[in-house]
Amino acid sequence: MKTALVLEDVAAASQWLTQMLAEVFPGIEVRTAATLAQARRLTRGFKPDIALVDLGLPDGSGVELIERLAREAPDCQCIVTTLFADDQHLFPALRAGARGYLLKDQPREHLQDGLRRIVAGEPPLSPAIAQRLLRVFQAGTRPNASADEKLSARETEVLTLLAKGLPLAELAEKLGITRNTSASHVKAIYRKLNISTRAEAALEAARMGLVNTQI
C-alpha cells in the first residue's frame with residue numbers, strides 16, 4: 001500500500017486513522033477529506049490503493065464515494081470505518097463495493113489487525129460485523145440463502161479460492177484454466193449469489209462451509 005485516502009469528518013478520528021495507516025503501512029502517503037465534496041475533488045486525479053470511508057458525513061453518505069471508487073479505481077481497497085453496525089448501513093456499503101467493514105469503537109490493535117489482513121487477501125471485518133453477517137446467512141434471511149445449490153462444482157472451487165484471497169491470475173493457474181475463464185466463473189458466481197465484492201464472496205463461502213468461519 002503506497003497511497004491512502006481517509007474520508008472522516010471528525011478531526012480527531014481522521015488523525016488517528018491516518019496514524020494507524022502509517023503504522024500498518026510504513027511510508028504510505030495519506031490524504032484526508034472531511035466531506036464528500038472534498039473527497040470527490042481529491043479523487044479526480046488521485047486513485048488511492050486504500051480508502052478508509054466513514055458513512056455519516058455532513059453532506060451525504062460515504063457509500064457514494066465507495067461506489068465511485070469501485071467504478072473508477074477498482075483496485076482500491078475501500079474499507080468502511082464507522083460506528084454504525086446495523087443492516088441499513090452494512091449491506092448498502094457492501095453492495096456498493098466495500099471490501100471490509102471496521103467499527104471505530106474497537107481497540108486500536110484490532111483495527112490494525114484488520115488492515116493487515118488486506119495484505120493476506122482477507123476481508124477486514126470487525127468481529128461484531130462478521131458475526132452479524134454469519135447469523136444472517138445461517139438464519140436464511142437473505143433471498144439467496146440457498147443459492148449455493150445453483151453453483152457448479154467448478155464455480156464452488158473458484159468461490160473457495162476467491163474467498164481465500166487468490167488473485168484471478170493465481171486462481172486460474174491453480175485450476176488449470178485461463179484468466180478469462182476464471183473471470184467468467186467469478187461473474188457467474190456473483191450473479192447467482194447476488195453479490196458484488198470479494199468481502200461478500202468470502203462470507204458466502206464461510207456460510208457454505210468452504211472456508212474457516214473464524215473471520
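Note that the coordinates shown come from a computational prediction; the quantities given were computed from them, not determined experimentally. (Residues numbered from 1 in each chain as written. Predicted model: local features only at pLDDT ≥ 70, side-chain atom pairs only at ≥ 80, totals over all residues. Heavy atoms only, no water.)

1. Details of the pairing of strand β1 (residues 3–7)
To be explicit about the condition: Only protein chains enter the calculation, and the probe is 1.4 Å; a residue is then buried if its accessible area is under 20% of its type maximum, exposed if over 50%, and partly exposed in between. Helix and strand assignments come from DSSP, with helices taken as H or I runs of at least 4 residues and strands as E runs of at least 2, each series counted from the N terminus. With strands facing away from the observer, any crossover in which the path from the first strand over the helix to the second runs clockwise is taken as right-handed. A pair of strands is treated as paired once DSSP finds two or more bridges between them.
Among the five residues that make up β1, five are buried, leaving the element largely enclosed by the rest of the structure. Residues Thr3, Leu5 and Leu7 line one face of β1 and the alternating positions Ala4 and Val6 line the opposite face, and both faces are buried. In this view, the connection linking β1 to its parallel neighbour strand β2 (residues 29–33) by way of helix α1 (residues 11–24) has right-handed handedness. One ladder, built from four bridges, connects β1 with strand β3 (residues 50–53); its direction is parallel. Looking at the pairing, Ala4 lines up with Ile50 of β3.

2. Quick word on α1
Threshold: Residue count minus one, scaled by 1.5 Å, sets the expected span of a helix. In this description, the arc belongs to the directions extending from the helix axis to the C-beta atoms. When checking whether two residues touch, look at their non-hydrogen atoms; a contact exists if any pair is within 4.5 Å.
In a regular helix each residue adds 1.5 Å, so 14 residues correspond to 20 Å; α1 covers 20 Å between its end C-alpha atoms and thus fits that length. Buried within α1 we find Ala13, Ser14, Leu17, Met20, Leu21 and Val24. All buried residues of α1 project into a common sector of 125 degrees when viewed along the axis, lining one side. Exposed residues pointing more than 90 degrees away from the buried face of α1 are listed as Ala11, Ala12 and Gln15. Among the structural elements, β1, β2, β3, β6 (77–82) and α5 (108–116) are those in contact with the buried residues of α1.

3. Observations regarding the state of the cysteines
The cut-off we apply is this: Pairs of cysteine sulfur atoms within 2.5 Å are what we label disulfides.
Tallied over the full model, the rule gives zero disulfides. Between Cys76, a cysteine without a disulfide, and Cys78, which holds the nearest cysteine sulfur, the sulfur-to-sulfur distance is 4.1 Å.

4. Description of the packing of helix α7 (residues 153–163) against helix α9 (residues 179–193)
Put simply, the rule reads: Simply put, an axis is a line fit to the C-alpha atoms, just over the touching stretch for a helix, and the angle between two N-to-C directions goes from 0 to 180 degrees. Our angle categories are set so that under 35 degrees counts as roughly parallel, over 145 as roughly antiparallel, 65 to 115 as roughly perpendicular, and the remainder as oblique. We call Asp, Glu, Lys and Arg charged. Ala, Val, Leu, Ile, Met, Phe, Trp, Tyr, Cys and Pro are nonpolar, and the rest, Gly among them, are polar.
Their axes nearest at 10 Å, the elements α7 and α9 cross at an angle of 95 degrees. Put simply, α7 runs roughly perpendicular to α9. Every residue of α9 that contacts α7 at Arg154, Glu155, Val158, Leu159 and Leu162 is listed here: His185, Val186, Ala188, Ile189, Tyr190, Lys192 and Leu193. Of the residues belonging to the contact of α7 with α9, the class tally is eight nonpolar, one polar and three charged.

5. Topic: the packing of aromatic side chains
The condition is simple: When two rings of Phe, Tyr or Trp (its six-membered ring) have centres within 6.5 Å they constitute a pair, described as stacked for plane angles under 30 degrees, edge-to-face for angles over 60, and tilted for the intermediate range. Two conditions define a charge located above a ring, namely a distance within 6 Å from the ring centre to NZ of Lys or CZ of Arg, and an angle within 35 degrees of the ring normal.
Under the criterion given, the structure shown has zero aromatic pairs. In this structure, Arg31 packs its charged tip against the face of Phe46, placed 4.1 Å from the ring centre.

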